[in-house]
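Coordinate analysis (summary)
Single-letter residue listing:
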Amino acid sequence: MTNDAATGTAEATAAEQPALGLGASVASADTRAKTEGTFPYAADLWAEGLLWAAVLRSPHAHARILSVDTSAAREMPGVRAVVTHTDVPGATTHGRRISDRPVFAHDVVRHHGEPIAAVAADHPDTARLAAAAITVEYELLEPVTDPEQAFGAEPLHPDGNLIRHIPLRYGDPDATGEIVVEGLYRIGRQDPAPIGVEAGLAVPRPDGGVEIYTASTDPHTDRDLAAACLGLEPDRVKVVVTGVPGATGDREDGGFQLPLALLALRTGCPVKLAATREESFLGHAHRHPTLLRYRHHADAEGRLVKVEAQILMDAGAYADASSESLAAAVAFACGPYVVPHAFVEGWAVRTNNPPSGHVRGEGAMQVCAAYEGQMDKLAAKLGLDPAELRMRNVMATGDLLPTGQTVTCPAPVAELLRAVRDFELPGLPKDAPEDEWLLPGGPEGAGEPGAVRRGVGYALGMVHMLGAEGTDEVSTATVKVHDGTATVICAAVETGQGFTTLARQIVQEVLGIEHVAVAPADTDQPPAGPATHGRHTWVSGGAVERAAKMVRTQLLQPMAHKLGMSTELLQIQDGRITSYDGAFTTTVTEAMAGKELWATAQCRPHPTEPLDESGQGDAFVGLAFCAIRAVVDVDIELGAVRVVELAVAQDVGRVLNPRQLAARIEAGVTQGLGAALTENLRTGGGLVRHPDLTGYALPTALDAPDIRIVKLVEERDVVAPFGAKAASAVPVVTSPAAVASAVRAATGRPVNRLPIRPQAAVVQPAAANG
């Protein structure tokens with residue numbers, strides 16, 4: 001994997017980069033701890049008198065529970081407590097968005113792996129054996145696994161099977177184009193597959209409350225959810241965020257945390273739970289499998305006239321983030337293209353499949369694969385170069401989304417597309433030594449070189465930043481300085497997106513202080529919101545900047561008063577405070593000596609509004625864009641695909657940490673590569689097949705292609721703190737569509753399903769000869 005960033009992008013020279021502050025490639029503060037194995041993951045926690053928990057999960061996708069007998073488990077030596085739905089003292093359902101998910105299933109089981117009971121014992125093996133000893137009598141019910149059948153099926157939930165329907169109406173329904181292409185697309189179920197599986201520790205408090213130590217990405221919401229189910233006031237529940245081993249969605253679901261807290265309160269002892277990989281696959285939310293039907297209309301020159309689409313998202317058994325995911329899918333159903341007329345129907349429905357929820361780029365990734373497939377079909381029908389067709393339709397600042405919202409942020413889509421289109425293509429295998437040429441089957445590929453075809457494809461993607469449709473985005477941060485050392489206190493969770501590094505850089509930039517620490521996040525601090533949609537860079541980073549500027553004013557005001565000037569005439573740079581005329585100068589360290597300064601500030605972006613009954617409204621705070629060109633080699637006899645290179649151009653607003661930004665883009669592209677080629681959590685009758693990392697194929701370093709970051713457009717978004725945009729999600733959204741486009745170019749096949757199955761890339765001999 002390589003990063004060939006052009007001038008002005010992530011890889012600036014050392015001379016161009018500052019040593020500290022914004023724009024510097026500051027190393028992550030936790031790098032050493034992670035490499036030495038001392039980073040405090042939840043799975044490593046311990047407490048005196050520790051008990052171990054295990055959860056009994058349903059082996060069925062849909063069944064009526066006739067009885068639950070826990071007597072055998074309770075009588076086992078070493079078992080301290082067994083809890084079921086009858087032991088939940090507060091609300092019996094939970095959910096971060098909609099409270100529709102039982103803490104423990106009781107009347108009916110709605111998905112494979114749903115929790116039914118939990119056990120606490122003095123040894124982990126005892127806990128697992130006790131959970132297995134619980135006898136549940138089921139009446140098996142026919143599972144609803146096809147989301148299209150959910151409309152006519154008996155209700156799977158008291159709230160019904162339909163979670164949300166969005167009918168988007170934009171323009172003239174009678175408009176038509178000279179050229180019409182249609183397509184049916186299917187997107188599979190991608191799992192977040194976190195490196196570290198779920199783990200946690202719950203510790204009872206003397207006041208009857210509980211402390212939960214876990215890798216939460218939204219601790220205040222998790223606290224409130226737990227308090228409601230435990231029948232406690234929120235201030236008697238504390239969530240402490242442990243080290244997060246990476247997160248590309250909701251890191252921990254309440255169905256994991258709640259049994260843990262309940263057992264701690266029941267036993268009066270600390271209780272620890274470490275999920276198996278199988279439990280992790282069964283319990284947490286996955287990307288929504290989606291069925292998409294499209295019809296594109298264009299004129300004879302290839303300019304889009306109208307887009308018609310139907311989008312059906314499989315939410316699984318419970319609502320979770322399905323409403324928000326559907327809104328993104330419907331709003332971005334036409335992509336970053338100018339479309340005068342758009343008519344989109346979107347539905348999210350309940351089934352008995354595994355739960356779906358927030359996974360990076362939700363909604364936007366699924367529609368990107370579909371609308372880019374349509375653009376390839378249009379280009380082929382018109383006889384146009386695929387990049388040229390896209391260039392004729394790209395969106396720019398000032399254009400309208402099909403939701404009626406004006407794109408007010410920078411939208412350099414044409415510039416991004418030109419950058420990847422004009423970037424030099426990799427050499428063909430015939431130009432390289434034979435031992436350097438990898439066949440699509442891998443280093444020891446079984447295919448024949450004569451069966452390999454090369455394809456080049458393009459994709460343009462877009463995502464929204466922050467929450468949408470009226471979400472109140474707010475974060476609070478405190479900056480304290482004592483004797484020249486600064487501490488940032490903010491409940492924003494570091495999930496690998498680099499917030500703690502950014503917070504240090506902001507304080508270094510504003511105050512000129514080199515030594516900056518970021519306090520661990522917990523719910524004793526004011527809320528900062530979830531770690532999704534790049535919001536901590538924007539909202540929490542903005543709060544840190546405002547607090548740091550308030551401390552800066554406290555520091556400079558006495559000096560300015562003594563010098564008879566305003567604080568604006570004093571600047572802090574390279575650790576020194578200097579007046580505008582150079583007559584006064586001192587070091588920040590000297591100025592801070594003996595002082596203790598602090599300030600607390602909030603950041604709240606401008607409000608948004610829900611989409612109305614026609615799918616119209618200013619639903620999004622900001623947008624980010626990406627263009628990717630994929631180069632693939634396909635063995636048309638075996639259907640094996642090797643991605644040779646992915647060239648990326650991205651709209652980033654402002655580069656805050658070049659090295660970290662490049663890493664986030666490369667990680668996002670690689671996650672998208674998995675969705676394109678290998679990642680699909682397979683089910684049969686609602687049951688997860690092979691819920692482990694042998695049955696679920698993640699791309700490794702050996703699978704990653706050359707990733708060339710060819711351009712980063714730094715056109716600052718004036719409403720965003722620092723002008724920066726979210727960086728991680730949009731390459732995830734774009735790269736699967738680019739890979740599919742390249743496979744189409746190599747094979748001439750439609751490629752309308754992700755991940756791409758080998759049979760979709762096989763070319764029959766007659767077609768190959770033709």
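Preceding this paragraph is the structure being described.
Residues numbered from 1 in each chain as written. Predicted model: local features only at pLDDT ≥ 70, side-chain atom pairs only at ≥ 80, totals over all residues. Heavy atoms only, no water.

Within strand 27 (residues 641-651), ten of the eleven residues are buried, leaving the element largely enclosed by the surrounding structure. Where strand 26 (residues 620-635) meets strand 27, nine bridges bridge the pair, whose relative direction is antiparallel. Bridging from a neighbouring strand, C626 pairs with Q650 of strand 27. Taking the residues between adjacent antiparallel strands as the criterion, strand 26 and strand 27 are bridged by five residues, where G639 takes a positive phi near 80°. Bridge count for strand 27 against strand 30 (residues 706-713) is seven bridges, and the pairing is parallel. Residue E645 lies in a different strand from strand 30, and its bridge partner there is D706. (Buried < 20%, exposed > 50% of the residue type's maximum accessible area, 1.4 Å probe, protein only. Helix = DSSP H or I, 4+ residues; strand = E, 2+ residues; numbered from the N terminus. Pairing = 2+ DSSP bridges.)

The next subject is empty space enclosed by the protein. Applying the stated criterion to the full structure yields nine cavities of 30 Å³ or more. Reported here for the largest cavity is a volume of approximately 620 Å³. Taken together, 41 residues line the largest cavity, and the ones lying closest to its centre are Q497, G534, T537, A727 and S728. Contributing elements (two or more residues each) for the lining of the largest cavity: strand 18 (452-468), helix 11 (499-511), helix 12 (535-563) and helix 14 (658-677). Split by residue class, the lining of the largest cavity holds 17 nonpolar, 18 polar and six charged. (1 Å grid on protein atoms, 1.4 Å probe; cavity = no way out; pocket = protein on both sides within 12 Å on 5 of 7 lines; lining within 4 Å. Points joined across faces, edges and corners; volume = space filled by probe spheres on them. Nonpolar A, V, L, I, M, F, W, Y, C, P; charged D, E, K, R; others polar.)

Okay, the side chain of H284 next. By the element assignment, H284 lies in the loop between helix 6 (277-283) and strand 15 (290-298). A distance of 2.9 Å separates polar atoms of two side chains, one belonging to H284 and the other to D191. At 3.1 Å, the side chain of H284 and the backbone oxygen of S280 are in polar contact. (Polar contact = N/O pair within 3.5 Å; in protein donor to acceptor, adjacent residues only side chain to side chain.)

Sheet strands line up and pair through hydrogen bonds in the backbone, either parallel or antiparallel. Judged by pairing direction, the sheet is mixed, and its seven strands sit side by side in the order 3-7-1-14-11-12-13 without closing on themselves. Both edges of this open sheet fall to strand 3 (79-83) and strand 13 (237-241), since each of them pairs with a single strand only. Going from strand to strand, the sheet's axes swing by 20° on average, the running direction of each strand aside. The pairing of strand 11 (residues 199-204) with strand 14 (residues 271-274) spans four bridges and is classified as antiparallel. (Axes fitted to C-alpha atoms, helices over the stretch in contact; angles between N-to-C directions.)

Before going further, it helps to examine the pattern of salt bridges. On inspection of all chains with the given rule, the structure shows 33 salt bridges. When the shortest N-O distance is used, the salt bridge between E279 and R57 registers 3.7 Å. Of this pair, E279 sits in helix 6 while R57 sits in strand 1 (residues 51-57), and the two are 222 residues apart along the sequence. An identical accessibility class is assigned to E279 and R57; each is buried. (Salt bridge = Lys/Arg side-chain N within 4 Å of Asp/Glu carboxyl O.)

Moving on: a negative patch on the surface. A grouping of E609, D612, E613 and D618 is seen on the molecular surface, where their side chains present a negatively charged patch. Residue E609 is classed as partly exposed on the basis of its relative accessible area of 37%. (Patch = residues over 30% accessible without salt bridge, like charges linked within 9 Å, V, L, I, M, F, W, Y side chains within 5 Å. Areas by Shrake-Rupley, 256 points an atom, 1.4 Å probe, with all protein chains shown as cover. Lys, Arg positive; Asp, Glu negative; His and termini not counted. Charge placed at Lys NZ, Arg CZ, Asp CG, Glu CD.)

Here the focus is the pairing of strand 16 (residues 304-314). Most of strand 16 is tucked away, with nine of its eleven residues classed as buried. Across nine bridges, strand 15 lies against strand 16 in antiparallel orientation. Bridging from a neighbouring strand, H296 pairs with V307 of strand 16. By the bridge criterion, nine bridges tie strand 16 to strand 17 (residues 341-349) in an arrangement that is parallel. Of the residues in strand 17, the one forming a bridge with M313 is A348. Chirality of the crossover, the property in question, places the unit of strand 16, helix 7 (residues 322-331) and strand 17 among those that are right-handed. (Right-handed = clockwise from strand over helix to strand, strands pointing away.)

Before going further, it helps to examine helix 4 (residues 219-230). Counting along an α-helix, one turn takes 3.6 residues, and residues three or four places apart therefore face a common direction. With twelve residues, helix 4 extends 16 Å between its outermost C-alpha atoms, agreeing within 8% with the 16 Å of an ideal straight helix rising 1.5 Å per residue. Summarising burial for helix 4: nine of the twelve residues are buried, a large majority. For helix 4, every residue scored as buried is listed here: P219, H220, D222, R223, L225, A226, A227, C229 and L230. Structurally, helix 4 contributes buried residues whose contacts are with strand 4 (93-94), strand 12 (210-214), strand 13 and helix 5 (254-267). One or two residues past the end of helix 4 sits G231, with phi positive at roughly 70°. (Expected span 1.5 Å × (residues − 1). Contact = heavy atoms within 4.5 Å.)

With that settled, consider the packing of helix 4 against helix 5. Where helix 4 meets helix 5, the axes come as close as 10 Å, and the angle between the chain directions of the two elements is 50°. As the angle between them shows, helix 4 and helix 5 are arranged oblique. The handedness of the crossing between helix 4 and helix 5 is right-handed. Residues D222, L225, A226, C229 and L230 of helix 4 pack against G254, Q257, L258, A261, L262 and L265 of helix 5. A class-by-class count of the residues in the contact of helix 4 with helix 5 yields eight nonpolar, two polar and one charged. (Parallel < 35°, antiparallel > 145°, perpendicular 65-115°, else oblique. Left-handed = near helix turned anticlockwise from the far one by under 90°.)

Before going further, it helps to examine unusual backbone geometry. A cis amide bond, omega 0°, links L754 with the succeeding residue P755. One can find P755 in the loop between strand 31 (753-754) and helix 16 (765-769). In the Ramachandran plot, H533 falls in the positive-phi region, its phi being about 55° despite a non-glycine side chain. In this fold, H533 is placed in the loop between strand 21 (516-518) and helix 12. For H533, a relative accessible area of 23% gives the class partly exposed. Positioned with a positive phi, F722 is a non-glycine residue whose angle comes to about 70°. One can find F722 in the loop between strand 30 and helix 15 (729-747). Residue classification places F722 among the buried residues on the basis of a relative accessible area of 9%.

The next subject is the side chain of E545. Relative to the helices and strands, E545 is located in helix 12. With sequence-adjacent residues up to four places away left out, E545 is seen in contact with I506, P721 and F722.

Looking now at the environment of L570. Looking at the secondary structure, you find L570 in strand 22 (residues 570-573). On a C-alpha basis, the gap between L570 and S58 in space is 66 Å, while along the polypeptide they are 512 residues apart.

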